[in-house]
Amino acid sequence: MAALGWLTHRRRSATARSVLAGEASAEAARKSAQALEAEPAPAPATEEAPQVAEPEFPVAGDALAAAFFDLDNTVMQGAAIFHFGRGLYKREFFRRRELARFAWQQAWFRLAGVEDPDHMQDARDSALSIVKGHRVSELMAIGEEIYDEYMAERIWPGTRALAQAHLDAGQKVWLVTAAPVETATIIARRLGLTGALGTVAESVDGLYTGRLVGEPLHGPAKAEAVRALATAEGLDLARCAAYSDSHNDIPMLSLVGHPYAINPDTKLRKHAREHDWRLRDYRTGRKAVKVGVPAAAGVGAIAGGAAAAIALHRRRK
């Protein structure tokens, strides 16, 4: 697709594109957070989260500290863009055979337990193709419905409790994800968090163009987004915390003074142990053993997220 100039990343400076993506995401996050502050707080969940051990961190009243949470398989079981894709299929944005391809990638991720760059790129291609020409407001409205249909019941209670601890300490809590910033913002608002850093898709006059601003918020780009937001918010990263399940987020985790490995993959578990990072696992014992992680709190169902999400083509008209 000619419009997706961001795919030719080897010809450009990856560092510059990561910085651009991070700064764009930080700007979008701050704007959405301001909007969230003007809205009434969401009603408390009727189901109580399980009790977790009182964390040594956060420090109550530390205004220079904040928390940054990866989304997929850290806060939520599975990948947000996978669930979003299910919702779009239900609304006939694409066809059955494309859903079958999508389901295969989901199954592959559940077996492998790791992210595949080719799958992720394929997902991004298709996602941008699907939304091109649609109104941002339309996708936001659909995203609200999809959250209720597929995402609300997949939030890890243990991780949610960790985020709440930061909120109770008077700190801001941000999601940081490669998912579209609009989707991430919806999830953050529903969870009562401050806001979200996510991939920024270009829009003109309220319509998606099919291009990204910079590159997907993945790996180093996440770290750049956190760095940019911390600068804008006047935060001290040495006093901040970050949480993730993936070794791809080691750049982000390494930025802060309090890194946590949550439901970690094998590489992140090894890195966390070598650097004396805290580890927590909220999956079932069987899943934890499968990916080489000792079972801990054992909360919720087996993580079934797919890093490869909407591996689909735009519906033919």
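Note that the structure is a prediction, hence the values are computed from the model and not measured.

**Quick notes on the pattern of salt bridges**
Taken as a whole and assessed by the stated rule, the structure comprises 16 salt bridges. With its nearest N and O atoms 4.0 Å apart, the salt bridge here joins Asp236 to Arg239. A residue is classified by how much of its surface remains accessible, and Asp236, at 29% relative accessible area, is partly exposed. Using a relative accessible area of 33% as the deciding quantity, one classes Arg239 as partly exposed. Salt bridges sharing partners connect three or more residues here, namely Lys90, Arg91, Glu145 and Glu149.

**Describing helix α10 (residues 266-274)**
Along an α-helix, residues three or four positions apart point the same way, because every turn accommodates 3.6 residues. If you check which residues of α10 are buried, you get Leu268, Arg269, His271 and Ala272. Taken around the axis of α10, the buried residues stretch over an arc of 165°, which confines them to a single face. Residues of α10 that are exposed and point over 90 degrees away from its buried face: Lys267, Lys270 and Glu274. On the buried face of α10, the contacting elements are β6 (241-244), α9 (250-253), β7 (258-262) and β8 (278-280). Following α10 by one or two positions, Asp276 adopts a phi angle in the positive range, close to 60°.

**So, the packing of aromatic side chains**
Aromatic ring pairs are reported here in terms of the distance separating the ring centres and the angle at which the planes meet. Per the stated rule, a full pass over the model turns up two aromatic pairs. Note on Phe69 and Tyr243: the rings are 4.0 Å apart at their centroids and 5° apart in plane angle, and the pair reads as stacked. Of this pair, Phe69 sits in strand β1 (residues 66-70) while Tyr243 sits in strand β6, placing them 174 residues apart in sequence. Its relative accessible area of 1% is what places Tyr243 among the buried residues. Here a set of aromatic residues connected by ring pairs shows up, and it is made of Phe69, Tyr243 and Tyr260.

**A closer look at the environment of Val226**
With respect to the helices and strands, the residue Val226 is situated in helix α8 (residues 220-233). Residues Val226 and Val176, spaced 50 residues apart in sequence, show a C-alpha to C-alpha distance of 7.9 Å. Residues within four places of Val226 in sequence aside, it is in contact with Phe68, Val176, Leu197, Leu237, Met252 and Leu255.

**Section: the nonpolar core**
Formed by 42 residues in total, the largest nonpolar core has its most connected members in Phe69, Leu88, Met151, Leu175, Ile187 and Tyr243. Counting residues per element, this core draws most heavily on helix α5 (residues 136-151), at seven residues. Apart from residues no more than four positions distant in its own chain, Leu175 is found in contact with Phe69, Leu71, Val75, Ala184, Ile187, Ala188, Leu193, Gly195, Ala196 and Leu197. In this structure, Leu217, Ile250, Leu255 and Ala272 belong to the second largest nonpolar core, which totals 29 residues.

**Observations concerning the pairing of β1**
When you tally the buried positions in β1, you get five out of five residues, the bulk of the element. Relative to strand β2 (residues 172-180), β1 runs parallel, the two being bridged by five bridges. Its bridge partner being in β2, Ala67 is matched across the sheet by Val173. Pairing of β1 with β6, which is carried by three bridges, proceeds in the parallel orientation. Directly across from Phe69, in β6, lies its bridge partner Tyr243.

Conventions adopted
Residues numbered from 1 in each chain as written. Predicted model: local features only at pLDDT ≥ 70, side-chain atom pairs only at ≥ 80, totals over all residues. Heavy atoms only, no water. Salt bridge = Lys/Arg side-chain N within 4 Å of Asp/Glu carboxyl O. Buried < 20%, exposed > 50% of the residue type's maximum accessible area, 1.4 Å probe, protein only. Helix = DSSP H or I, 4+ residues; strand = E, 2+ residues; numbered from the N terminus. Arc of directions from axis to C-beta. Contact = heavy atoms within 4.5 Å. Phe/Tyr/Trp six-rings, centres within 6.5 Å; stacked < 30°, edge-to-face > 60°. Core = buried A, V, L, I, M, F, W, Y, C linked by side-chain atoms within 4.5 Å. Pairing = 2+ DSSP bridges.

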